[in-house]
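Given next are the chains, with one letter for each unit.
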Amino acid sequence: MVCVTIAPWPPADRSSCEYCGAHVTDRFRRVFGDDDDRAHRCNECDSYRRLSRGSAAGKDVETPDPETSPGRHGGEADA
């Protein structure tokens, strides 16, 4: 008799940003993501300042969002 172990399906592929769909590495998700290693924002769609304060983990942060606040790096907004 042959014993066969049926393993559950592997976890869903989480190698992309949930906001913009850009590729994110496993390490980025472990460091900046939420408790389930999901990246809600990434360096393609958000600033490092916001990512390091929790936006990649899905938290609201006080730093203005680059999507809604042009000139967020101290410069003028593009005309």
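Preceding this paragraph is the structure being described.
Quick notes on the rules
Residues numbered from 1 in each chain as written. Predicted model: local features only at pLDDT ≥ 70, side-chain atom pairs only at ≥ 80, totals over all residues. Heavy atoms only, no water. Core = buried A, V, L, I, M, F, W, Y, C linked by side-chain atoms within 4.5 Å. Buried < 20%, exposed > 50% of the residue type's maximum accessible area, 1.4 Å probe, protein only. Contact = heavy atoms within 4.5 Å. Salt bridge = Lys/Arg side-chain N within 4 Å of Asp/Glu carboxyl O.

This part takes up the nonpolar core. Of all hydrophobic cores here, the largest spans 10 residues; its members are Cys17, Ala22, Val24, Phe28, Phe32, Ala39, Cys42, Cys45, Leu51 and Ala56. The contact partners of valine 24, leaving out residues within four places of it in the chain, are Arg14, Ser15, Ser16, Cys17, Arg29, Ala39 and Cys42.

Evaluated as defined, the whole model comprises seven salt bridges. One salt bridge in this structure joins arginine 41 and aspartate 46, with 3.8 Å as the shortest N-O distance. An identical accessibility class is assigned to arginine 41 and aspartate 46; each is buried. One salt bridge connects aspartate 46 with arginine 50, and the closest N-O pair in it is separated by 2.7 Å.

Just geometry here; none of it tells us what the structure is for.
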